[in-house]
Protein chains: 2
Amino acid sequence: MTTTKIILPESEIPTHWYNVVADMPNPPEPPLGPDGNPIGPEALAPIFPMNIIEQEMSQERWIPIPNEVRRVYQQWRPSPLYRARRLEEMLGTPAKIYYKNEGVSPAGSHKPNSAVPQVYYNKVAGINRLSTETGAGQWGSALAMAGQMFGVEVTVYMVKVSYQQKPYRRSMMETWGAKVLASPTDQTDAGRKVLAQDPDSPGSLGIAISEAVEAAATQEDTKYSLGSVLNHVLLHQTIIGLETKKQLEMVGDYPDMIFAPCGGGCNFAGMAFPFIADKASGKNINLVAVEPTSCPTLTKGHYAYDFGDTVGLTPLMKMYTLGHDFIPPSIHAGGLRYHGDSPLISQLYHEGILEARAVPNVATFEAGVTFARAEGIIPAPETCHAIRATIDEALKCKETKEPKTLLFNLSGHGHFDMMAYDKYFRGELEDFAYPEEAIAQSIANLPKF
Amino acid sequence: MTTTKIILPESEIPTHWYNVVADMPNPPEPPLGPDGNPIGPEALAPIFPMNIIEQEMSQERWIPIPNEVRRVYQQWRPSPLYRARRLEEMLGTPAKIYYKNEGVSPAGSHKPNSAVPQVYYNKVAGINRLSTETGAGQWGSALAMAGQMFGVEVTVYMVKVSYQQKPYRRSMMETWGAKVLASPTDQTDAGRKVLAQDPDSPGSLGIAISEAVEAAATQEDTKYSLGSVLNHVLLHQTIIGLETKKQLEMVGDYPDMIFAPCGGGCNFAGMAFPFIADKASGKNINLVAVEPTSCPTLTKGHYAYDFGDTVGLTPLMKMYTLGHDFIPPSIHAGGLRYHGDSPLISQLYHEGILEARAVPNVATFEAGVTFARAEGIIPAPETCHAIRATIDEALKCKETKEPKTLLFNLSGHGHFDMMAYDKYFRGELEDFAYPEEAIAQSIANLPKF
């Protein structure tokens, strides 16, 4: 019988992460301080340990993965690469479709790939407590699990409305021993300020970030941890693409196009970056970031210096942005509702090395249901974006009779997102028009240099 | 680095299921009709196709797995066998602990192992519609997924209180294209009868079975499908133990004791039966069924002929039973709330070949949390029973300094059971005293021959 899953043995878990900075045509644009001047490592020291800051700024092509991290990775890695034969048949496409299943991690997504090393490096640096924020709960779950593995206490500031609507994500974090607080809390200045103005505030990711950063900066023995956007987070995620390359080699195949969801960017970068060196040496491959039309950062944003958070506490980063005070419509793919994008992805996109597509909301769930009915696995709403783009391409191949090889990153399962599927079946989901005016206004508010 | 997961290649998916009947010291006691006389295959024909009935009555040791079934199994099988090194360390035990992770199936449990062949055999027999019942939702999900794979329509009668409390399990079944009805419905005589007496009836598994059986017996082109108890269901599940044996051989190990949760029995039988032949040829191995103290079928029940359902529609089966009208307390391990047990397991237990232990409710969640914090994976409440017994044994090994090899079946993940974990953390779960009087009364109601 033909193979469905391509499995690497544990001994083949990569020994190094891949740092795309070494292969970029131009060095990354530096982050800037509030005065518009480039900042050094010391500016990040209040919230990150020095070993992580060094990684954030490294230009080395290969960064060794500590054995302690690889040992935890073994719990679910290498993750399987699938040939989607049933989906191909259902679509009647001549295209070959592969997907990497990152939903097999205990936390259900690719997020632990960075949560585990982040906790490890903090532990090595003598840090015993981490604070972070979470919206939909994927990142908070991953950090809670990783914290448990290394004996580091994790406090998660969870956006209050999610805390109330997604009690099961909260229970999951508590099962792994994390402390979960409904943000805004009365335990930080930032939280108290918000509550004073609006005691019933539902919270927002921006507020939760402010609380988590403040906790790290002011509490003893505590640092902050972020789940996407930054260089070191993207670095850790490259294990996805590195494994995938080995797995494709095992079956003698190579992708013509790669699709992955793109919010902060760690999911897309994790799959796509390891293929960039090949592209530089002449391989013909399209690396496509897929984003929602309701939050079209790469496809409609400006390439400019902007804050990473809503309230403007972080350094300024050169990135595609819709403006830091742009609030995207409430789609269920919470991981893709970010006004900006990773600076590395932004620069590579700006230089024409990466591509981007935007897909509308309802069509992503239609694609997710098609996929679930063909392959069994129910994908997370973020993942449905990559599936939509992959199916569209496979159907194009059907018309043109091109037997392309397509690959996408199945970044997570949808077990905690069934409410969104339910709304889809009841016809309660909607597409959002491109919020042109709101974006024009927030772009006008970009910091000027 | 030492190995965590033991992975079989897809080509090693067993080609045959193992039929324990061939190795039993005595032939199975036959099912009886309402008159107390043994029934033949034709008595089952209104609700099952003949190819499944033949399998139910087969005495062949090895039954070939159709290629079409193996092809669907490839979606998640072979499932990984884990060495629980982090749990061993946390417990400080000299015991080696292995677990087979059946939670990797798209439906999240071992149930698709039988759902897939059941749908396949019905399809081959020309049946295009199946009816079934579900309580907690594991079986309904598995049959919905399998139905989708072979183009067979699935209708699930879901106990109304679960339908209301677990909307996400329902959405999961709908994602795979199944029709889910809150039982009691007004679409069957059985349902209408209940509703006439109590329009607000919350439903029960017994009622849902009656509705699903009636639908199969009265609707055109429709058969019924059951997720445990019967011989053919246990047969399909033996793929778990067969794979495990191969995986243990790969690392040169063999278990001293095996633990699995036991409700209807398919989970336990799936892991334990393939080891029975070894036991018969002199291997020293303990096969331990783990059940809740609140529903102690094997440890406290009577070995007698009884009905498989609450209302008394099924043939009589010789089994350990608490009486068919015994209603177990509402614990969250819904899969273990069954008054009876598989006739094959019952007979083997009666003959001293299998063992059984009962564990109390709260302690099972304590074990589940310990496991999740060590190994990452959050187990289903049913699985927590096996984990409790395994941890107890590992701690005993710590006292006696015996380096035993322990193995348990991680039958499913707990992603849809976080409400139960939440209650555990809030101290809202309770242990139930052995319901001695209720059992004495239902035992007194057993059919007499």
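The rules behind each value
- Residues numbered from 1 in each chain as written.
- Chains lettered and ligands numbered in written order.
- Predicted model: local features only at pLDDT ≥ 70, side-chain atom pairs only at ≥ 80, totals over all residues.
- Heavy atoms only, no water.
- Helix = DSSP H or I, 4+ residues; strand = E, 2+ residues; numbered from the N terminus.
- Buried < 20%, exposed > 50% of the residue type's maximum accessible area, 1.4 Å probe, protein only.
- Pairing = 2+ DSSP bridges.
- Axes fitted to C-alpha atoms, helices over the stretch in contact; angles between N-to-C directions.
- Least-squares fit on C-alpha atoms with pLDDT ≥ 70 in both.
- Contact = heavy atoms within 4.5 Å.
- Buried area = accessible area lost by both parts, 1.4 Å probe.
- Salt bridge = Lys/Arg side-chain N within 4 Å of Asp/Glu carboxyl O.
- Polar contact = N/O pair within 3.5 Å; in protein donor to acceptor, adjacent residues only side chain to side chain.
- Nonpolar A, V, L, I, M, F, W, Y, C, P; charged D, E, K, R; others polar.
- pLDDT = per-residue confidence, 0-100.
- Parallel < 35°, antiparallel > 145°, perpendicular 65-115°, else oblique.
- Expected span 1.5 Å × (residues − 1).
- Phe/Tyr/Trp six-rings, centres within 6.5 Å; stacked < 30°, edge-to-face > 60°.
- Lys NZ or Arg CZ within 6 Å of the ring centre and 35° of its normal.

Residues and elements named next belong to chain A. Between R77 and P78 the backbone carries a cis peptide bond, its omega angle lying at -10°. For K401, which is not glycine, the phi torsion reads 60° and is therefore positive. Within the secondary structure layout, K401 lies in the loop between α17 (381-400) and β15 (405-410). The exposure class assigned to K401 is exposed, which follows from its relative accessible area of 67%.

So, on to the sheet that holds strand β9 (residues 222-224) of chain B. Residue and element names in this part refer to chain B. Taken together, four strands build an open sheet; the order of strands is β8-β7-β6-β9 and the sheet is parallel. Across the chains shown, the open sheet's two edge strands, defined by having one partner strand only, are β8 (179-183) and β9. Adjacent strand axes in the sheet meet at a mean angle of 25° when their direction is disregarded. Judged from the five bridges that link them, strand β7 (residues 153-159) and β8 form a sheet pairing that is parallel. Of the residues in β8, the one forming a bridge with M158 is A182.

What follows deals with helix α7 (residues 167-175) of chain B. The set of residues buried in α7 of chain B consists of R169, R170, S171, M172, M173 and T175 of chain B. Looking one or two residues beyond α7 of chain B, the residue adopting positive phi is G177 of chain B, at roughly 90°.

Structural alignment of chain A on chain B gives an RMSD of 0.0 Å, achieved by rotating through 180° and translating 0.0 Å along the axis. Here the two chains are linked by the operation of a two-fold rotation axis. Of the C-alpha atoms belonging to chain A, the one lying closest to the rotation axis is found on H415 of chain A, 3.3 Å away. With an isologous cut-off of 70% or more, the 100% of interface residues of chain A that recur at the interface of chain B puts this contact in the isologous class.

Turning our eyes to something else, we now look at the interface of chain A and chain B. Each partner contributes residues to the interface: chain A has 46 residues there, and chain B has 46 residues. Each partner contributes to the roughly 4200 Å² buried at the junction of chain A and chain B, and carbon and sulfur atoms together form 54% of this total. The tally of links between chain A and chain B comes to four salt bridges. Linking chain A to chain B there are 33 residue pairs in polar contact (both at pLDDT 80 or more). For the side of chain A that touches chain B, the elements supplying multiple residues, two or more each, are α2 (67-73), α5 (138-150), α7 (167-175), α16 (361-375) and α18 (418-425) of chain A. Per-element tally for the side of chain A that touches chain B: the top contributor is α7 of chain A, with six residues. Along the lines of polarity and charge, the residues of the side of chain A that touches chain B split into 22 nonpolar, 13 polar and 11 charged.

All names here are of chain B. Position of L395 relative to the elements: it lies in helix α17 (residues 381-400). Residue classification places L395 among the partly exposed positions, given a relative accessible area of 32%. Distance in space between the C-alpha atoms of L395 and L91 is 7.0 Å, their sequence separation being 304 residues.

As a further point, take the sheet that holds strand β10 (residues 257-261) of chain A. All names here are of chain A. If you trace the seven strands from one edge of the open sheet to the other, you get β1-β4-β5-β15-β10-β11-β14, paired in mixed fashion. At either margin of the open sheet sits one strand with a lone partner, and together these are β1 (5-6) and β14 (355-359). As paired strands, β1 and strand β4 (residues 81-83) are joined by two bridges and run antiparallel to one another. If you follow I6 over to β4, its bridge partner there is L81.

Another point: the confidence of the model for chain A. With 100% of its residues at a pLDDT of 70 or more, chain A shows a mean pLDDT of 94. The ipTM for the predicted assembly is 0.95, set against a pTM of 0.96.

On to the side chain of S294 of chain A. Residues and elements named next belong to chain A. By the element assignment, S294 lies in the loop between β11 (286-292) and α14 (297-300). A relative accessible area of 3% means that S294 is categorised as buried. Setting aside chain neighbours within four positions, we find S294 in contact with F326, P328, P329, I331, F432 and P435.

Residue and element names in this part refer to chain A. Of all six residues that make up strand β5 (residues 96-101), five are buried, and the element is covered over most of its length. Note: β4 against β5, three bridges, orientation antiparallel. Residue pairing for β5: Y82 is matched across the bridge by Y99. Alignment of β5 against β15, held across six bridges, turns out to be parallel. Bridging across to β15, N101 finds its partner in L410.

Attention now moves to the packing of helix α1 (residues 50-57) of chain A against helix α4 (residues 112-124) of chain A. All names here are of chain A. It is the contact of α1 with α4, at a shortest axis distance of 8 Å, that shows an interaxial angle of 130°. Between α1 and α4, the interaxial angle falls into the category oblique. Mapping the contact onto sequence places N51, I52 and Q55 in α1 and Q118, Y121, N122 and V124 in α4. Partitioned by chemical class, the residues of the contact of α1 with α4 number three nonpolar, four polar and no charged.

Turning our eyes to something else, we now look at the pattern of salt bridges. A complete count under the given rule lists 40 salt bridges over all chains for this structure. Between E12 of chain B and K246 of chain B there is a salt bridge, with its nearest N and O atoms 3.1 Å apart. Of the two residues, E12 of chain B is situated in the loop between β1 (5-6) and β2 (16-18) and K246 of chain B in helix α11 (residues 239-250); the sequence distance between them amounts to 234 residues. The shortest N-O distance in the salt bridge between K166 of chain B and D417 of chain B comes to 3.4 Å. Separated by 251 residues along the polypeptide, K166 of chain B in the loop between α6 (160-165) and α7 and D417 of chain B in the loop between β15 (405-410) and α18 (418-425) bring together distant segments of the chain. Each of the two residues, K166 of chain B as well as D417 of chain B, counts as buried. Ionic contacts of the salt-bridge type, sharing partners, join the residues R170 and E174 of chain A together with D422, R426 and E428 of chain B into one network.

Residues and elements named next belong to chain B. Close contact between helix α8 (residues 189-197) and helix α9 (residues 205-218) brings their axes to 8 Å; oriented N to C, the two are set at 145°. Contact with α8, carried on its side by D189, A190, G191 and V194, involves I207, S210, E211 and E214 of α9 and no other residues of that element. Taken together, the residues of the contact of α8 with α9 sort by class into three nonpolar, two polar and three charged.

What follows concerns the side chain of S411 of chain A. All names here are of chain A. Within the secondary structure, S411 sits in the loop between β15 and α18. By relative accessible area, which is 4% here, S411 ends up buried. Among the polar contacts made by the side chain of S411, one reaches the side chain of N267 at a distance of 2.9 Å. Once residues within four sequence positions are removed from consideration, S411 is found in contact with E102, G103, G108, S109, H110, P261, N267 and T383.

On to helix α9 (residues 205-218) of chain A, then. Because each turn of an α-helix spans 3.6 residues, side chains separated by three or four positions end up pointing in the same direction. All names here are of chain A. With 14 residues, α9 extends 20 Å between its outermost C-alpha atoms, agreeing within 8% with the 20 Å of an ideal straight helix rising 1.5 Å per residue. Of all 14 residues making up α9, 11 are buried, and the element is well covered by its neighbours. Buried within α9 we find G206, I207, A208, I209, S210, E211, A212, V213, E214, A215 and A216. Those residues of α9 that are buried are in contact with β6 (129-134), β7 (153-159), β8 (179-183), α8 (189-197) and β9 (222-224).

Take the packing of aromatic side chains next. With the rule as written, the count across this model stands at 30 aromatic pairs over all chains. Pairing F365 of chain B with Y424 of chain B gives two aromatic rings, centres 6.2 Å apart and planes at 20°, and the pair type is stacked. One end of the pair, F365 of chain B, is in helix α16 (residues 361-375); the other, Y424 of chain B, is in helix α18, with 59 residues separating them in the sequence. The residue whose ring lies beneath K245 of chain A is F275 of chain A, and the NZ or CZ to ring-centre distance is 5.3 Å. Its guanidinium or amino end placed over the ring of Y254 of chain B, K283 of chain B lies 4.1 Å from that ring's centre, counting from NZ or CZ.

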